[in-house]
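Chain by chain, the residues:
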Amino acid sequence: MAIKLLSVLFALIAIRRVVVRYRRGGALTVEFVMWFLIFSGIGIVVFIPKVTDRFAHWIGVSSGFNALTFVAIAGLLYAVYRLLSRVQTVERDVTRLVRSQALMTATRVPPAPPELPPTSPPAPPAK
Amino acid sequence: MPSLFLIIPAFNEARVIRDTLRNLPPRVAGIDSMTVVVVDDGSSDATAEEVLASGDGRVVLLRHAINRGLGGALGTGLAYARQHGADYVVTYDADGQHAPEDIGNVVAPLVAGEADAVIGSRLLQPKGMPWYRVVGNWGLNLITFFIFGMWTTDSQSGLRGFAHAALQRIDIRMDRMEVSSEFIKEIRRNRLRYREVPIQAIYSDYSLAKGQRNVNGFNILIRLVLHRLMED
């Protein structure tokens, strides 16, 4: 029972975050719908495990729990891949920006003044 | 009028950068004009001020507003060299681990038209290199070979040279230390004529502390694998 309650709690917190983010304009509608369905699904599926057994049979694994684990790992791997791609793109853009600024502000080092030849000592005062 | 652009990436090198610049050779055989491009990679110390105070009129200072890593800094230096029509480019470490006379040794096969890309290898005659560095470098050579399919005796060398045609073709995308292996990949991808020349490695406490640690090899491996998987 504890795991069911924890799952529902987790799903509610996650859904709240998704909704708040969407309202603030931080997510596209398609992202909102996707995450809403995923977290709602987690909250609902713990109460009707038979549904997952039917899904497991459909994708060809032995039990509903295995099927969910399989889908969860595949989903997480895909999310990590997307995240890494996004980070890589952002890093490249930052470098491009920093580079163009550096190229625009290139500074030539002023050469040191040439060393003057040693001056001859002052002539002794005339007597 | 062959021109050489010497690119020196520098991150927090205030202690040594002026000596490194002072020790550069006044001229290089086969080269009429030399421009030294120091890329200050977002240093938090007085690296840029030391460069400006060097009094060497051949030096151009490019400043990164924030640190982008070795690859980012080298990419900026290469972009500057391209913009200014460099005939030859040499990359050179700021920490004083290269012997200035090796610049000429790296440039010679380029000027003679015998190669498009030259790597100065510290491992052809590994005198004075600590054993753990030798082991670490061979490990990274193997990683570079397995990922990019090209064998070199010093894939992590900071002293490399490229002729004009190679400079136009190489496309550096990695920002951090793994860029050294990316140069090898680019040499292979563009089928550049390639040479290795032996160079000295001058190890001081300072350069040993600044240089790559073997543990960085794992980071480089992970980044190279990710780069290989996510290439676009």
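Here's what I pulled together on the structure shown here. As the structure is a computational prediction, the values presented were derived from the model and not from experiment.

### A few points about the overall build of chain B
Then comes step 1: Secondary structure assignment for chain B yields 9 helices and 7 strands.
Then comes step 2: Relative to a compact globule of 232 residues, whose C-alpha radius of gyration would be 17 Å, chain B shows 16 Å and is just as compact.
Then comes step 3: Taken along the three principal axes of its C-alpha coordinates, chain B extends 45 × 40 × 40 Å.
Then comes step 4: The burial tally for chain B puts 58% of its 232 residues in the buried class.
Then comes step 5: Of the contacts made within chain B by residues no fewer than 6 positions apart, 77% connect residues no fewer than 24 positions apart.

### A word on helix H5 (residues 131–148) of chain B
All names here are of chain B.
Then comes step 1: Taking 1.5 Å as the rise per residue, H5 with 18 residues should run 26 Å; its terminal C-alpha atoms sit 25 Å apart, in good agreement.
Then comes step 2: Those residues of H5 lying buried are Arg133, Gly136, Asn137, Leu140, Asn141, Ile143, Thr144, Ile147 and Phe148. Relative to the axis of H5, the buried residues are bounded by an arc of 165° and lie together on one face. Exposed positions of H5 whose direction lies more than 90 degrees from the buried face are Trp131, Val135 and Phe146.
Then comes step 3: Positive phi shows up at glycine 149, right after H5, with a value of about 75°.

### Examining the interface of chain A and chain B
Then comes step 1: Taken together, the 21 residues of chain A in the interface contact 31 residues of chain B.
Then comes step 2: Across the chain A/chain B interface, buried area totals approximately 2,100 Å², and carbon plus sulfur atoms make up 57% of it.
Then comes step 3: Counting every contact that joins chain A to chain B gives 2 salt bridges.
Then comes step 4: In this structure, the salt-bridge partner of Arg68(B) is Glu91(A), at a minimum N-O distance of 3.1 Å.
Then comes step 5: At the boundary of chain A with chain B, the tally comes to 10 residue pairs in polar contact (both at pLDDT 80 or more).
Then comes step 6: Broken down by element, the side of chain A that touches chain B gets its largest block of residues, 13 residues, from helix H4 (residues 64–104) of chain A.

### Things to note about the sheet that holds strand E2 (residues 33–41) of chain B
Then comes step 1: A sheet is described by the order of its strands in space; here 8 strands give the open sequence E1(A)-E3(B)-E2(B)-E1(B)-E4(B)-E6(B)-E5(B)-E7(B), paired in mixed fashion. Strand pairing shows two members of the sheet lacking a second neighbour, strand E1 (107–108) of chain A together with strand E7 (194–198) of chain B, which therefore form its edges.
Then comes step 2: One ladder, built from 5 bridges, connects strand E5 (residues 117–121) of chain B with E7(B); its direction is parallel. Each residue of the ladder has a partner; that of Val118(B), found in E7(B), is Arg195(B).

### Structural notes on a nonpolar patch on the surface
Then comes step 1: A surface patch of nonpolar side chains, about 440 Å² in accessible area, is lined by Phe10(A), Met34(A), Trp35(A), Ile38(A) and Ile42(A).
Then comes step 2: Sorting elements by how many residues they give to the nonpolar patch places helix H2 (residues 29–45) of chain A first, with 4 residues.

### Side note on unusual backbone geometry
All names here are of chain B.
Then comes step 1: A positive phi is found at asparagine 12, a non-glycine position, where the angle reads about 50°.
Then comes step 2: Along the chain, the position of asparagine 12 falls in the loop between strand E1 (3–10) and helix H1 (17–22).
Then comes step 3: Positive phi outside glycine occurs at arginine 191, with the angle close to 50°.
Then comes step 4: Take arginine 191: it is sitting in the loop between helix H7 (179–189) and E7.

### Quick word on the environment of Arg191(B)
Then comes step 1: Here Arg191(B) falls in the exposed class, since its relative accessible area comes to 74%.
Then comes step 2: Separated by 141 residues in sequence, Arg191(B) and Glu50(B) have C-alpha atoms that sit 39 Å apart.

### Digging into the pattern of salt bridges
All names here are of chain B.
Then comes step 1: Inspection of the entire model under this criterion finds 14 salt bridges over all chains.
Then comes step 2: The salt bridge partner of arginine 18 is glutamate 50, with a shortest N-O separation of 2.9 Å. Of the two residues, arginine 18 is situated in helix H1 and glutamate 50 in helix H2 (residues 47–52); the sequence distance between them amounts to 32 residues.
Then comes step 3: Close ionic contact of aspartate 175 with arginine 68 constitutes a salt bridge, the shortest N to O distance being 3.5 Å. In this pair, aspartate 175 is assigned in the loop between helix H6 (164–169) and H7 and arginine 68 in the loop between strand E3 (59–64) and helix H3 (69–83), connecting sequence segments 107 residues apart.
Then comes step 4: Judged by relative accessible area, which is 6%, arginine 68 ranks as buried.

### Some remarks on the nonpolar core
Residues and elements named next belong to chain B.
Then comes step 1: Counting residues in hydrophobic clusters, the biggest one holds 31 residues, and the most contacted among them are Leu4, Ile8, Leu21, Val36 and Val38.
Then comes step 2: For this core, the elements supplying multiple residues, two or more each, are E1, H1, E2, H2, E3, strand E4 (88–91) and helix H4 (102–111).
Then comes step 3: For isoleucine 8, the residues in contact, after removing those within four places along its chain, are Ile17, Leu21, Leu24, Val36, Val37, Val38, Val39, Tyr92, Asp93 and Ala94.
Then comes step 4: Counting 29 residues, the second-largest nonpolar core is a separate cluster that includes Ile7, Val39, Ala79 and Ala81.

### Overview of the packing of helix H1 (residues 2–23) of chain A against H2(A)
All names here are of chain A.
Then comes step 1: Closest axis-to-axis distance for the H1/H2 pair is 8 Å, and the angle between their directions is 170°. As judged from the angle between their axes, H1 and H2 are roughly antiparallel. Once H1 is placed against H2, the crossing between them reads as left-handed. Contacts between H1 and H2 involve Ser7, Val8, Phe10, Ala11, Ala14, Ile15, Val18, Val19, Arg21 and Tyr22 from the first element and Thr29, Glu31, Phe32, Trp35, Phe36, Phe39, Ser40, Ile42 and Gly43 from the second.
Then comes step 2: For the contact of H1 with H2, the per-class residue count stands at 13 nonpolar, 4 polar and 2 charged.

Calculation criteria
Residues numbered from 1 in each chain as written. Chains lettered and ligands numbered in written order. Predicted model: local features only at pLDDT ≥ 70, side-chain atom pairs only at ≥ 80, totals over all residues. Heavy atoms only, no water. Helix = DSSP H or I, 4+ residues; strand = E, 2+ residues; numbered from the N terminus. Rg over C-alpha atoms; globule rule 2.2 N^0.38 Å. Buried < 20%, exposed > 50% of the residue type's maximum accessible area, 1.4 Å probe, protein only. Contact = heavy atoms within 4.5 Å. Expected span 1.5 Å × (residues − 1). Arc of directions from axis to C-beta. Buried area = accessible area lost by both parts, 1.4 Å probe. Salt bridge = Lys/Arg side-chain N within 4 Å of Asp/Glu carboxyl O. Polar contact = N/O pair within 3.5 Å; in protein donor to acceptor, adjacent residues only side chain to side chain. Pairing = 2+ DSSP bridges. Patch = residues over 30% accessible without salt bridge, like charges linked within 9 Å, V, L, I, M, F, W, Y side chains within 5 Å. Areas by Shrake-Rupley, 256 points an atom, 1.4 Å probe, with all protein chains shown as cover. Core = buried A, V, L, I, M, F, W, Y, C linked by side-chain atoms within 4.5 Å. Axes fitted to C-alpha atoms, helices over the stretch in contact; angles between N-to-C directions. Parallel < 35°, antiparallel > 145°, perpendicular 65-115°, else oblique. Left-handed = near helix turned anticlockwise from the far one by under 90°. Nonpolar A, V, L, I, M, F, W, Y, C, P; charged D, E, K, R; others polar.

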